[in-house]
Amino acid sequence: MKRTKLFSLCLLVIAMLVMLAACGGGKDEGKKESKNDASDDGVQEITIKLSHEVAENTSQHVGSIAFKEYIENASEGKIEVQVYPNGQLYGDQDVMQSLAANNVQFTQQDLSKLVGDDERFNIPSLPFLFASDDEAVEFWDSEKGMEILSALEKDGIYGLAMWPNGPKHFTNNKRPLKSPEDFKGLNFRTQGGQVLEDVFKALDAGSVSIPFTELYTSLQQGVVDGQTNTFVNTESKKFDEVQKYLTVIGDTRVDVGFFANKEFMDSLNDETKKIVEEGIKAGTDAARKASKEMNEKAFEEIKNRGNVEVYELTDEEREAFVKVWEPVYEKYAPVIGEEYIEAAQNVGK
């Protein structure tokens, strides 16, 4: 009998210990889960990955670093931001899919590469639509511009802002390009999209879509005769090393969208989201400020290196191109939406 009572007492003690352990474990687990719970107060401890395809000496990277520094400082190190330039993590062909899958939380993408998702992203590819970075920024910050940037929300991607890379200029290996006739028979790399294809067709030139990370080798090997890009992209990737002529024209643009994964952004609590949103603004302000300055500096560097013969079009020569490209507007105004083109043409007025 005594043994039976003792045995029962032991079982009772063991049961109580198990219950206490379970309660204690539940409390610890609850704390662990709440660490990244968007409903909790306090800054969440998270790691953010930002991937982009261009070099460190570009306005995109300046903006990326400003984004990183603001968030890490404001969160007192609770949020870590990892920046991957030069397509180190993902190339331009798969970075948007990786963003949608939340493999990275932020990226920047040339808007003209998104025309397959929405025709309105052709806006930067329309020749001479914007006279400056300021005009382009004003449009993309407007209601119509933000409508376009929001087009990928259905795919789990938020469009946050436009970061200007600047107007584009032609380089090639064959001859100086001073008139539309000079383009006949040449092949150029483009970012892709029907509008850009028709821009070159109007010049009797060919166009090939080649990833930016493969462009230097393609120029070097003669896969294409030339390319069109901003001064910064041309200088930072040293395309002038494998080209002979540069024509300053500024017809179309590289405008870059800054995008975020929707699931990630929606998972942030108010305090964390406020810091991230302020970081987005800090990065956007820094990128926009750096764009014009860095393009001017890059142009001077290209001239100083002396690898290419530089030609700047006269106003009369520029008008010849305007005339050649009028049919592009006639064809694509109904496709892109006349209200968007009209809004872009009216900025600054």
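Residues numbered from 1 in each chain as written. Predicted model: local features only at pLDDT ≥ 70, side-chain atom pairs only at ≥ 80, totals over all residues. Heavy atoms only, no water.

Draft legend 1. Just the overall build of the protein chain, in detail. Each helix and strand counted, the protein chain has 13 helices and eleven strands in total. Within the protein chain, the fraction of its 349 residues that count as buried is 49%. Across the protein chain, contacts joining residues at least 24 apart in sequence account for 75% of those joining residues at least 6 apart. (Helix = DSSP H or I, 4+ residues; strand = E, 2+ residues; numbered from the N terminus. Buried < 20%, exposed > 50% of the residue type's maximum accessible area, 1.4 Å probe, protein only. Contact = heavy atoms within 4.5 Å.)

Draft legend 2. Representation of helix α13 (residues 338–345) within the structure. Within the sequence span of α13, burial applies to Tyr 340, Ile 341 and Ala 344. Projection of α13 onto a plane perpendicular to its axis shows the buried side chains occupying an angular sector of 95°, all on one side. Close packing links the buried residues of α13 with α4 (133–141), α5 (143–149) and α12 (326–336). (Arc of directions from axis to C-beta.)

Draft legend 3. Representation of the packing of α12 against α13 in the model. At their nearest, the axes of α12 and α13 sit 6 Å apart, and the two run at 110° to each other. As judged from the angle between their axes, α12 and α13 are roughly perpendicular. Of the residues in α13, those touching α12 at Tyr 329, Tyr 332, Ala 333, Pro 334 and Ile 336 are Glu 338, Tyr 340, Ile 341 and Gln 345. Grouping the amino acids of the contact of α12 with α13 by side-chain chemistry returns seven nonpolar, one polar and one charged. (Axes fitted to C-alpha atoms, helices over the stretch in contact; angles between N-to-C directions. Parallel < 35°, antiparallel > 145°, perpendicular 65-115°, else oblique. Nonpolar A, V, L, I, M, F, W, Y, C, P; charged D, E, K, R; others polar.)

Draft legend 4. Up close: the packing of helix α6 (residues 194–201) against α12. At a minimum axis separation of 9 Å, α6 and α12 run at an interaxial angle of 160°. By the angle between their axes, α6 is roughly antiparallel relative to α12. Like other packed secondary-structure pairs, α6 and α12 cross with a definite hand, here right-handed. Contacts from Gln 194, Val 195, Asp 198 and Val 199 in α6 reach Val 328, Lys 331 and Tyr 332 in α12. Here the residues of the contact of α6 with α12 sort into four nonpolar, one polar and two charged. (Left-handed = near helix turned anticlockwise from the far one by under 90°.)

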